[in-house]
Amino acid sequence: MKKEQIITSAVMLVVSVLVLISVTIAWYTGNQDRPTVTGMQMSAAEVGEIKIALAPGGEDIKNLSETTKYADTGLNELTINIEKDAQGNVKIAPGTYGKITFYVTSMDVSVRSCKVVPIVQIQQTADGIWYPVSIAEDSGIPEAPDGLDAASAALLEELYTIVHGKKAAGVQPAKTRHISFFKDEAGTQEIDEATPYLVEWSADEAAAKTEKPVTIYWKWHYEYPFTAEETATLNQTEKSIKINEYDAEDTKLGNHVKNMRFHFTFSTQ
Amino acid sequence: MKKRNLSKKIKMQILAWAVVACLVSLIGGSFAWYTIQNREADSKTVEVMEPYFLKLQNPGDTAELQLAVGSLFPGKTKQVVFCVSNKENEEGGNVIMGGGDFDYTMEVIYTENLALNYKIYELEKVSESEKDNPETIWAEYSETGGTKKVNYWKKKTGTALIGDDSITSERQAQAGLTENVSEIMNKGKYISYDKNTNGEKLHLQSKTDGYNPQFFVMEITWNTAVTEQPGFSFSDYEKETDMIYILVKALQLKPEKGTT
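What counts and how
Residues numbered from 1 in each chain as written. Chains lettered and ligands numbered in written order. Predicted model: local features only at pLDDT ≥ 70, side-chain atom pairs only at ≥ 80, totals over all residues. Pairing = 2+ DSSP bridges. Helix = DSSP H or I, 4+ residues; strand = E, 2+ residues; numbered from the N terminus. Axes fitted to C-alpha atoms, helices over the stretch in contact; angles between N-to-C directions. Core = buried A, V, L, I, M, F, W, Y, C linked by C-beta atoms within 7 Å. Buried ≥ 20, exposed ≤ 12 C-beta atoms within 10 Å, placed from the backbone. Contact = placed C-beta atoms within 7 Å. pLDDT = per-residue confidence, 0-100. Expected span 1.5 Å × (residues − 1). Arc of directions from axis to C-beta.

Draft legend 1. Layout of the sheet that holds strand β10 (residues 137-142) of chain B. All names here are of chain B. Here six strands make up an open sheet; going across it, the order is β3-β4-β14-β9-β11-β10 and the pairing antiparallel. Pairing within the sheet leaves two strands with one partner each, and these edge strands are β3 (55-57) and β10. Each adjacent strand pair in this sheet contributes to an overall mean axis angle of 40°, direction not counted.

Here it is as structure tokens:
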């Protein structure tokens, strides 16, 4: 009996240790930014949740209807040198700019920060698919959806790289980014996958379910956005080449993309 | 030593614990998954503006203009017909988007070896029945298949477009002429046109149920103020040539906020 008991105990010990290890790992992966552990919460639906609204104190967008759940782009504030579509809304074009505001609330004291990353999704035809479906990891380029022939897939990826300024496979050097996102109106603090917009709540704010506005400014650069260094070092011919290249890319975008929208991913820790 | 199997009761206990352990691990693992939540939101869908599409075409609007003037004999007038068109944009044989409905400017650049006058008139099409009318202007062009055809026009008004040559110095600077420009003998004159004879801006409409090309004729004549001077001789200019460029461009202006 004693031997059996030892074996049993040993097995139970090993099993308990394994369980403890896995739960600890699970806990710590979820607790990267939080120094204090407030206790185990087993209800998955409540943990890590935020409310995203389009107006102060408004309803969460997941509860809004198809016609009201999309954020305004600020395009209609532009009145000069613009073109309007059949519904009277300003079309997006090189040189246009605007801002998008969400009102984000932490719905749980354990949710103390949220990263927001914007991308531009494109649609080649009115009923076509929105590309990309999900955000690209790191600085890679999302794969084209299945079912497209090689030329169409390559075009789609090229359009993505023009908008987001990445390097398409085999393209040297990286293309200039055409549509940029910023934290400030002046356009000095750029937002991208590497430097997302970070909204944070203090412990008190999280407990009080404080709503925080998240305003992201966007701009489609009218002309090649010369950096200060380029302005100083390039000669007239080199500058003309860059301007013409940029304009040709803009024309390609305008010729192949029917619609655009801004897509935001909110990740809580 | 006698080998003893674990009793059934013990086995059941171990099994139960193992199941519990798996369950807890699974929940622990799922717990880790749910703590990093992703939510997504979209802005409204916006339509992309089509780029302006503007082409300088031959008199039949079938192909790009090949500007060739040839010789201009004394007392003669050369008429070069060209077309400014919003023809559909093609890329690799496929029609892609290309919009119209914009103002454009026309520029004519020419060197001044010969004492010539350049005038641009707006044209409107007339039928072949008018071909014997002395006022009718005709021009030949090649269709896409290669067949040669002729179109006929008459001038809309007797007044030429009014050009502005004040852009000359700006263009010369852009061309990189940095030295003392006045010492360069033959540097080209730049004339820009942005209004038609009605005083309205040169404008190209969107293609509706047909193209809306605009036709112009460039009339080149000898400048009589020079040629009728005593001592002037055409034979002095027998081997002289000038270069002529026609340019059309439409600039999409930068969108802004504010009132008009």
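That shown, we press on.
Draft legend 2. Up close: the sheet that holds strand β15 (residues 244-249) of chain B. Residues and elements named next belong to chain B. With antiparallel pairing, three strands are arranged side by side in an open sheet as β12-β8-β15. Edge positions in the sheet fall to β12 (189-193) and β15, since each of these pairs with one other strand and no more. Across the sheet, the axes of successive neighbouring strands diverge by a mean angle of 15°, strand direction being ignored. Sheet analysis places strand β8 (residues 105-110) next to β15, joined by six bridges and oriented antiparallel. Looking at β15, one finds that Met-106 is bridged to Val-248.

Draft legend 3. A look at the environment of Ser-202 of chain A. As for its position among the elements, Ser-202 of chain A is in the loop between β7 (197-200) and α3 (203-207). Between the alpha carbons of Ser-202 of chain A and Gln-189 of chain A there is a distance of 23 Å; along the sequence they are 13 residues apart.

Draft legend 4. Inspection of the nonpolar core at higher detail. Within the largest apolar cluster, 45 residues are counted, with the highest numbers of intra-cluster contacts made by Ile-92, Leu-159 and Val-163 of chain A. Elements represented by at least two residues in this core include exactly β1 (50-53), β3 (97-106), β4 (113-123), α2 (150-164), β5 (179-182), β8 (211-220) and β9 (259-268) of chain A. Examining the composition of this core, we find that six residues originate from one element, β4 of chain A, more than from any other. If near-sequence neighbours (up to four positions away) are discounted, Leu-159 of chain A is found in contact with Ile-122, Leu-253, His-256 and Val-257 of chain A. Counting residues in hydrophobic clusters, the runner-up holds 27 residues, among them Tyr-104, Ala-139, Leu-202 and Met-218 of chain B.

Draft legend 5. Fine view of the environment of Val-226 of chain B. All names here are of chain B. Along the polypeptide, Val-226 turns up in helix α3 (residues 224-227). Put simply, Val-226 and Ala-115 are 111 residues apart on the chain and 6.7 Å apart in space, counted from C-alpha to C-alpha. Those residues in contact with Val-226 that sit more than four places away from it in its chain are Ala-115 and Phe-232.

Draft legend 6. Looking closely at the confidence of the model for chain A. Mean pLDDT over chain A stands at 85; residues scoring 70 or higher make up 86%. Segment residues 33-47 of chain A: pLDDT under 50, and 17 contacts once partners within four positions in sequence are set aside and those in other chains are kept.

Draft legend 7. Expanded view of helix α5 (residues 236-256) of chain A. All names here are of chain A. Taking 1.5 Å per residue as the helical rise, α5 with its 21 residues ought to reach 30 Å, and the 30 Å between its terminal C-alpha atoms agrees with that figure. For α5, the set of buried residues is Tyr-246, Glu-249, Asp-250, Leu-253 and Gly-254. Taken end-on, α5 shows its buried residues confined to a sector of 140°, consistent with a single buried face. Away from its buried face by more than 90 degrees, α5 exposes Thr-237, Ile-241, Asn-244 and Ala-248. Where α5 is buried, its residues touch α2.

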